[in-house]
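Geometric and topological summary
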Amino acid sequence: MEEEMVTRMNEYMEKMAQLEQWEEDLFHRETALKKAEADSA
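Residues numbered from 1 in each chain as written. Predicted model: local features only at pLDDT ≥ 70, side-chain atom pairs only at ≥ 80, totals over all residues. Heavy atoms only, no water.

Let us now look at the environment of H28. Among the structural elements, H28 can be located in helix α1 (residues 2-40). Expressed as a C-alpha distance, the spacing of H28 and D39, which sit 11 residues apart in the sequence, is 16 Å. (Helix = DSSP H or I, 4+ residues; strand = E, 2+ residues; numbered from the N terminus.)

This is the structure:
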């Protein structure tokens, strides 16, 4: 039972890290897009 909880917690932490990375990537893409739009204006 405890081992299952540890496994699930590890999976949860991994998913959270993936979501944080995805969010950071989106932020950088959005920033680059805004800069490109500003440069072309």
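Moving on from the coordinates now.
With that settled, consider the pattern of salt bridges. By the definition in use, this model includes 2 salt bridges. Put simply, K34 and E30 hold a salt bridge, and the shortest N to O gap is 3.6 Å. Residue K34 and its partner E30 are both found in helix α1; the two are separated by 4 residues, about one turn of the helix. The exposed category is assigned to K34, whose relative accessible area is 53%. The residue K35 makes a salt bridge to D39 at a minimum N-O spacing of 2.9 Å. (Salt bridge = Lys/Arg side-chain N within 4 Å of Asp/Glu carboxyl O. Buried < 20%, exposed > 50% of the residue type's maximum accessible area, 1.4 Å probe, protein only.)

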